[in-house]
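The lines below spell out each chain.
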Amino acid sequence: MATHPVPLARPLSLYLDCCRLLAAVLVVISHYGPYGVITRGAAHWVPDLGREAVIVFFVLSGFVIAYTTEHKNPSLRGYAIARATRIYSVALPLVLLAFGAALALVWSGHIPARQLYEASKPWLYLPLHLLFMGELWTISEAPPLLGPYWSLGYEVWYYVLFGALFYLRGARSVVAAGSILLFVGPKLWLLLPVWASGVWLYHWQKAHVPARRAALAGWVASLVLLVLFKLSGSDVFLRALAREHWPFPAVPLRSADRVLADYVVCVLVLLNFWCAKGVGFLGLLRVERPVRVLASYTFTLYLVHALVMGLWLRLYRHDAQSVVDIAALSVLIVAATWVVGQLTERRKHWFQVGFERLAGWVRPVGGASVVK
């Protein structure tokens, strides 16, 4: 930790918020084809950058965690409250809403129970998902109607691992981190370098700023290389390569089967973010307020759009060739994001109060915590 932490420059912070917002939109758009919102022919003209957007989220997450622990969370207690508030303020309401919607669909006969099997065993699957255990070892489960939730099964455990390494000391830190790694399994090990690269980038960029001309060239190159990477089909090739050469068939890759392509995208994202600092992007300051507001809804948008799509396509006779239907669904996603966001991301303080009360039952002992 730096002795005198330097605040993140506003232009860079604003640029990262723009990236966060764009990544969430790209995830939504990437699902229009697979979910059947648009026709297969139209899907060829829609950017399929959903996975790449998730990698952006992972790098951003590591970067932001490194920043907040240096500036805002001096203790493990504060860190745990901040992370729990951030995650559960959105995840808890939406998981409960998704299970409720799934039960309603099954009971009303709109969908066979076998297609939403999680809803028939909420006592099993609710704890599984609320503890973010859907991607451990051979498990590969997401809540009903919330497909994008899978990434939280990675990100939350990276938060836990970082907390053990950053706040604990000596043998306690080693034992805690080793236990966490053993508990989560190989899939999370494989994508850990992507998330950790964000932590590394935060500390690297504090002392290394590229010259503006070189930064602009690097920033443009990162985007061009990403486009070429996708157009060449290299991501598809690397996905097949990872599956073919994965040496542990008893522990399938599943959500981590794009790991090789993820590493390539990760490098391009790191280059993009680092060069963005050198470029400056001072013009973004003119639209700072709307960007900050819109970016504050990204987590809600990331999860709620799948729920809205799932309900729309099951309850309404959607025409994938109708511009009106596609536009109506898009507007509904935006509206649902705003409504749900008012009760989630915009009301995080409600959850923070609750977690602070829970933390009141825990007292620190030698840098760690025990229950009273």
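Small disclaimer: the values here were computed from a predicted structure and weren't measured. (Residues numbered from 1 in each chain as written. Predicted model: local features only at pLDDT ≥ 70, side-chain atom pairs only at ≥ 80, totals over all residues. Heavy atoms only, no water.)

A. Broad picture of the overall build of the protein. Across its full length, the protein holds 15 helices and two strands. What you see for the protein is a C-alpha radius of gyration of 21 Å, in line with the 21 Å of a compact globule of 372 residues. Along the first, second and third principal axes, the C-alpha atoms of the protein reach 60 × 55 × 50 Å. Expressed as a percentage of its 372 residues, the buried residues of the protein come to 48%. The contacts of the protein with a sequence gap of at least 6 include a subset with a gap of at least 24, amounting to 79%. About 18,700 Å² of surface is accessible on the protein, with carbon and sulfur atoms providing 69% of the total. Once the 33 positive and 17 negative side-chain charges of the protein are each reduced to a mean point, those two points are 9 Å apart. (Helix = DSSP H or I, 4+ residues; strand = E, 2+ residues; numbered from the N terminus. Rg over C-alpha atoms; globule rule 2.2 N^0.38 Å. Buried < 20%, exposed > 50% of the residue type's maximum accessible area, 1.4 Å probe, protein only. Contact = heavy atoms within 4.5 Å. Areas by Shrake-Rupley, 256 points an atom, 1.4 Å probe, with all protein chains shown as cover. Lys, Arg positive; Asp, Glu negative; His and termini not counted. Charge placed at Lys NZ, Arg CZ, Asp CG, Glu CD.)

B. Region of interest: the confidence of the model for the protein. Here the protein averages 93 in pLDDT, and 95% of its residues register 70 or above. Note on residues 365-372: pLDDT under 50 across the span, and 21 contacts to partners over four residues away in sequence or across chains. (pLDDT = per-residue confidence, 0-100.)

C. Structural view of the side chain of Ser30. Checked against the element boundaries, Ser30 lands in helix 1 (residues 10-30). Overall, the relative accessible area of 8% leaves Ser30 in the buried class. Among all residues touching Ser30, those that are not within four sequence positions of it are Pro47, Asp48, Leu49 and Gly50.

D. Region of the structure containing helix 10 (residues 234-245). Its 12 residues place the ends of helix 10 16 Å apart at the C-alpha level, agreeing with the 16 Å of an ideal helix rising 1.5 Å per residue. Residues of helix 10 that are buried: Asp235, Leu238 and Ala242. The buried residues of helix 10 occupy one face: seen down the axis, they fall within an arc of 65°. For helix 10, the exposed residues set more than 90 degrees away from the buried face come down to Val236, Phe237, Arg243 and Glu244. Along its buried surface, helix 10 packs onto helix 3 (50-71), helix 9 (212-231) and helix 11 (259-279). (Expected span 1.5 Å × (residues − 1). Arc of directions from axis to C-beta.)

E. Representation of the environment of Arg40 in the model. Of note, Arg40 is situated in helix 2 (residues 40-43). In the structure, Arg40 is positioned 280 residues away from Ala320 in sequence and 9.1 Å away in space, judged by C-alpha atoms.

F. Layout of the packing of helix 9 against helix 11. Where helix 9 contacts helix 11, the two axes come as close as 8 Å, and the packing angle between them is 155°. Accordingly, the angle class assigned to the pair helix 9 and helix 11 is roughly antiparallel. Every pair of crossing elements has a handedness; the one defined by helix 9 and helix 11 is left-handed. Contact residues: helix 9 offers Arg212, Ala215, Leu216, Gly218, Trp219, Ser222, Leu223, Leu225, Leu226 and Phe229, while helix 11 offers Ala261, Val264, Val265, Leu268, Leu271, Asn272, Cys275, Ala276, Gly278 and Val279. The residue inventory of the contact of helix 9 with helix 11, partitioned by class, reads 15 nonpolar, four polar and one charged. (Axes fitted to C-alpha atoms, helices over the stretch in contact; angles between N-to-C directions. Parallel < 35°, antiparallel > 145°, perpendicular 65-115°, else oblique. Left-handed = near helix turned anticlockwise from the far one by under 90°. Nonpolar A, V, L, I, M, F, W, Y, C, P; charged D, E, K, R; others polar.)

G. Representation of the packing of helix 3 against helix 8 (residues 186-207). For the pair helix 3 and helix 8, the least separation of the axes is 7 Å and the interaxial angle reads 50°. Relative to helix 8, the element helix 3 is oriented oblique. By crossing handedness, the relation of helix 3 to helix 8 is classed as right-handed. Of the residues in helix 8, those in contact with Arg51, Ile55, Phe58, Val59, Ser61, Gly62, Phe63, Ile65, Ala66, Tyr67, Glu70 and His71 of helix 3 are Leu191, Val194, Trp195, Ser197, Gly198, Val199, Leu201, Tyr202, His203, Gln205 and Lys206.

H. Region of interest: the pattern of salt bridges. Under the definition given, this model contains 12 salt bridges. Salt-bridge contacts for Arg292 lead to Asp17; the nearest nitrogen and oxygen are separated by 2.7 Å. Here Arg292, found in helix 12 (residues 288-295), pairs with Asp17, found in helix 1; they are 275 residues apart in sequence, far enough to count as distant. Between Glu52 and Lys230 there is a salt bridge; the shortest N-O distance is 3.1 Å. Separated by 178 residues along the polypeptide, Glu52 in helix 3 and Lys230 in helix 9 bring together distant segments of the chain. Three or more residues are tied together by salt bridges with common partners; here these are Arg10, Asp17, Arg20, Glu288 and Arg292. (Salt bridge = Lys/Arg side-chain N within 4 Å of Asp/Glu carboxyl O.)

I. Here's a closer look at empty space enclosed by the protein. One pass over the structure, following the stated rule, counts two cavities of 30 Å³ or more. Here the largest cavity defines a volume of roughly 50 Å³. Trp157, Tyr158, Leu161, Ile180, Leu181, Val184, Leu188, Trp189 and Leu192 together form the lining of the largest cavity. Breaking the lining of the largest cavity down by element, the ones donating at least two residues are helix 6 (152-167), helix 7 (170-184) and helix 8. In this structure, the second largest cavity encloses a volume near 40 Å³. In terms of lining residues, the second largest cavity is bounded by Leu128, His129, Phe132, Met133, Gly134, Glu135, Glu141, Tyr149, Trp150 and Gly153. Classifying every residue of the lining of the second largest cavity gives five nonpolar, three polar and two charged. (1 Å grid on protein atoms, 1.4 Å probe; cavity = no way out; pocket = protein on both sides within 12 Å on 5 of 7 lines; lining within 4 Å. Points joined across faces, edges and corners; volume = space filled by probe spheres on them.)

J. Quick peek at unusual backbone geometry. One non-glycine residue, Trp137, lies in positive phi territory at about 45°. Its location among the elements puts Trp137 in the loop between helix 5 (122-130) and helix 6. The class of Trp137 is partly exposed, set by a relative accessible area of 32%. Despite not being glycine, Leu145 has its phi angle at roughly 70°, a positive value. Relative to the helices and strands, Leu145 is located in the loop between helix 5 and helix 6.

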